[in-house]
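Listed here are the chains, written in short residue letters.
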Amino acid sequence: RPRPPRGVLTMAGRSGVPDLDVDSLCQEYVNGQSTLQAPKRLAEGIQSGAIDLLKVVEALGVFLTSTNVENRSQGTRLLSEVLSHLHSHALSPDEVHYVVVFYCDRLKDRAVVIPAVLYGIQALVTYQKLEAEDVINVSRTIFKEVHNQSMQHSDRRILFNIMDTLLSSCLESVQAMGSDFVLGYIQALDGEKDPRNLVIAFHSVLTMVGHLPFEVLAEDLFEVTSCYFPIDFTPV
């Protein structure tokens, strides 16, 4: 009798979908054996109702709490990859809140873990509806714990995308932060040199000027943005 594929049991779970061996998929991902398939299959299991997000988090627990920073980073990266594969509103409000709280706590971890956390937060704010409490928690924690200037340009872009998405889809919640959001953004933007990141940042600044109380920080906002003008471009 042929054996089932690795990571899948023969018994059918909810919705007639084969039960996933979540523990094996998580182990294989962290070991570098299934970096492409594991996130996709776990997300499909959540989407179909065969498993829930809590099952994945429980399976990752040994890695997320490991004293080995690389294991923590890989475990967090897998969770974030799974979230990036989910369709809109695949998670319940309680699940979204649970993940937000987890990520905000994980932003206090070592610098090597931060990019994986930001990647997951980007997936959350893009595809899931965040409550006002979660929007404020995410914003405040990122501004407090993440030193944007020390990250690679691609990771900084994720941070700028997160903030731009919050300004676009959760503006009322951001407005509840008042000028605190503007101050945090100014500090994150200071010294940015990547043109692609600046395109996102300038879009966010326009939104902030139009919808947030920035007057007390007008001089700081001007200084952090005016240094890019006039633009001198010499075609190759």
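Each remark here, short or long, concerns the structure printed above.
Calculation notes
- Once a new chain begins, its residue numbering starts again from 1 and follows that chain's sequence as written.
- The model is predicted, so local features are restricted to residues of pLDDT at least 70 and side-chain atom pairs to those at 80 or more, both for listing and for counting; the totals for chains, interfaces and linings are taken over all residues.
- Side-chain measures were taken over the full set of non-hydrogen atoms in the model, leaving aside hydrogen atoms and water.
- Runs of H or I in DSSP of at least four residues are treated as helices and runs of E of at least two as strands, each being numbered from the N terminus.
- Buried residues are those whose accessible area, probed at 1.4 Å on protein chains only, stays under 20% of the maximum for their type, while exposed residues exceed 50% and partly exposed ones sit between those limits.
- Note on contacts: a residue pair is in contact if any heavy atoms of the two residues lie within 4.5 Å.
- In protein, a polar contact requires one atom able to donate a hydrogen and another able to accept it; more generally it is a pair of N or O atoms within 3.5 Å, and residues adjacent in sequence count only if both atoms are side-chain atoms.

What exactly am I supposed to notice about the overall build of the protein chain here?
Counting secondary structure elements, the protein chain contains twelve helices and two strands. Each helix (α) and strand (β) of the protein chain, taken in turn from the N terminus, gives the series β-β-α-α-α-α-α-α-α-α-α-α-α-α. Put simply, the protein chain has 236 residues, and 48% of those count as buried.

How do you make sense of helix 10 (residues 179–189) when you look at a structure like this?
Given 3.6 residues to a turn, an α-helix orients residues that are three or four positions apart in the same direction. Within helix 10, the full set of buried residues consists of Phe181, Val182, Gly184, Tyr185, Ile186, Ala188 and Leu189. Close packing links the buried residues of helix 10 with helix 7 (132–145), helix 8 (153–169), helix 9 (171–175), helix 11 (195–211) and helix 12 (218–226).

I'm lost on the side chain of Ser73 in this one. Help?
The residue Ser73 is located in helix 4 (residues 69–85) in this model. What makes Ser73 buried here is its relative accessible area of 9%. When near neighbours in sequence (up to four residues on either side) are disregarded, Ser73 contacts Val112, Val113 and Ala116.

Please clarify how unusual backbone geometry should be interpreted in this entry.
Keep in mind that most residues, glycine aside, have a negative phi and that most peptide bonds are trans. Non-glycine residue His89 carries a positive phi angle of around 60 degrees. For His89, the location among the structural elements is in the loop between helix 4 and helix 5 (93–106). Assessed through its relative accessible area of 58%, His89 is described here as exposed.

For this particular structure, what's the right way to read the side chain of Glu192?
Mapped onto the elements of the fold, Glu192 is located in the loop between helix 10 and helix 11. Residue classification places Glu192 among the buried residues on the basis of a relative accessible area of 3%. At a separation of 2.7 Å, a polar atom in the side chain of Glu192 contacts the side chain of Arg156. In terms of polar contacts, Glu192 uses its side chain to reach the backbone amide nitrogen of Asp194, at 2.9 Å. Excluding residues that lie within four positions of it along the chain, Glu192 makes contacts with Asn148, Arg156, Phe160, Asn197, Leu198 and Tyr228.

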